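Topology and contacts: notes
Chain by chain, the residues run as shown.
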Amino acid sequence: MSAALKIENLHAGYGKLPILNGVNLSVEAESITALIGPNGAGKSTVLKAVFGLTGWRKGRISFEGEELSRLPTHEIIRHGVCFVHQGRNIFPTLSVQENLELGAYIRANEASLVSDLERVYELFPALKKKRLDTAKSLSGGQQQMLGLGRALMLHPKMLLLDEPSLGLAPKILREIFEKIGYINELGTTILLVEQNVQEALEYSDKVFILREGRVEFEGTPKEVLASDVLKKAYLGR
Ligand code: ADP
Ligand code: MG
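Residues numbered from 1 in each chain as written. Chains lettered and ligands numbered in written order. Predicted model: local features only at pLDDT ≥ 70, side-chain atom pairs only at ≥ 80, totals over all residues. Heavy atoms only, no water.

This is how it is decided: UniProt positions are given in the numbering used here, feature names are shortened, and annotations may be inferred rather than shown by experiment.
Under an unreviewed UniProt entry, the name given to the protein chain is ABC transporter ATP-binding protein, and the source organism is Candidatus Iainarchaeum sp. Recorded in UniProt for the protein chain, the comment headed Sequence similarities (unreviewed entry) runs: "Belongs to the ABC transporter superfamily."

Shown next, in the form of structure tokens:
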């Protein structure tokens, strides 16, 4: 397997404030890679930096061999990378279907728009039923599905997911993880930021633990569980 996304010596932050202090992380093609770590470690900042949304970034970020670190967000999307952020990036007052159509705004092909909508509705039947309802009337789990659905409208090669389970009840949370697993099986590479360590370990092929803007550990879920790194990362030394 080869690395789809490669992050080397990434420094990034907001204003003068450095948040990431030399992050090295790679995501194998077609894997689910989890990025975990305590609150404030810089996990969201890693995803934002890859997507061109931090104030500044230094270091190398390459995707399928192409350098992303100097590209603006819309160019990064064209390379096949999509980001579903913690707030789920949906428009609350627009309908479910309008949200999905907006997800596809970058392409202007009507024919594929219809088939892409069908694809998303097949994956998330609950969204089809509610396609004319406003996004804000959806449950938390359905809003998360809509955020994922919007990203899928762009046929991403890679998804950056920031805490898809945030605020969801356990049953819905499992459903979301199962959908993510299925999206991955269809060939999409996934970098998943999670607070929910148990699920992150269960669903991922590889795990990176971030602490204070640096990768403290990388390994398989098994290796994480066999070490005391979780205790160290979350409880301090
Ligand atoms: P995590 O996702 O691991 O909880 P974040 O990447 O969101 O961590 O945040 C890391 C640090 O960066 C925190 O100290 C946070 O306050 C700061 N931070 C995040 N976003 C911004 C921003 N837009 N402007 C300034 N500081 C920010
Ligand atoms: Mg975060």
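After presenting the structure, the write-up continues.
Let's talk about the nonpolar core
Note the threshold: Among the buried residues, those of types Ala, Val, Leu, Ile, Met, Phe, Trp, Tyr and Cys that are joined through side-chain atoms within 4.5 Å form a nonpolar core. Think of it in three bands: residues with accessible area under 20% of the maximum for their type are buried, residues over 50% are exposed, and the middle band is partly exposed, with areas taken using a 1.4 Å probe on protein chains only. By convention here, the domain bounds are inherited from an automatic or database domain assignment. It only takes one pair of heavy atoms within 4.5 Å for two residues to be counted as in contact.
Within the largest apolar cluster, 63 residues are counted, with the highest numbers of intra-cluster contacts made by Leu5, Ile7, Leu127, Leu159, Leu160 and Leu191. Taken domain by domain, this core gets at least three of its residues from each of domain 1 (1–80 + 156–237) and domain 2 (83–155). Setting aside residues no more than four positions away along its own chain, leucine 191 makes contact with Leu5, Leu25, Val27, Thr33, Leu35, Leu47, Met158, Leu159, Leu160 and Leu161. Within the second largest apolar cluster, 10 residues are counted, among which are Ala34, Ile209, Val224 and Ala233.

A word on a nonpolar patch on the surface
Applied cut-off: A patch consists of residues whose relative accessible area exceeds 30% and which take part in no salt bridge; residues with like charges are grouped when within 9 Å of each other, and nonpolar side chains (Val, Leu, Ile, Met, Phe, Trp, Tyr) when within 5 Å. Where accessible areas are quoted, they stem from the Shrake-Rupley method and a 1.4 Å probe; at the residue level, only the protein chains shown are allowed to cover. Just to be clear on terms, a salt bridge is a Lys or Arg side-chain nitrogen sitting within 4 Å of an Asp or Glu carboxyl oxygen. Labels follow the DSSP assignment, with helices taken as runs of H or I lasting at least four residues and strands as runs of E lasting at least two, numbered in each case from the N terminus.
Judged by side-chain polarity, Phe91, Leu102 and Tyr105 come together as a nonpolar surface patch covering roughly 310 Å² of accessible area. Its place among the elements puts tyrosine 105 in the loop between helix H3 (96–103) and helix H4 (110–123). Classification of tyrosine 105 by relative accessible area gives exposed; the value is 57%.

Some thoughts on the packing of aromatic side chains
Put simply, the rule reads: Only centres within 6.5 Å qualify two rings of Phe, Tyr or Trp (six-membered ring in Trp) as a pair; their planes then separate them into stacked at under 30 degrees, edge-to-face at over 60, and tilted for everything else.
A full pass over the atoms with the stated rule returns 2 aromatic pairs. An angle of 25 degrees between the planes, with centres 5.2 Å apart, marks the rings of phenylalanine 177 and tyrosine 203 as stacked. Here the residue phenylalanine 177 occupies a position in helix H7 (residues 170–185), and tyrosine 203 occupies one in helix H8 (residues 197–203), the gap between them amounting to 26 residues. Judged on exposure class, the residue phenylalanine 177 and its partner tyrosine 203 are both buried.

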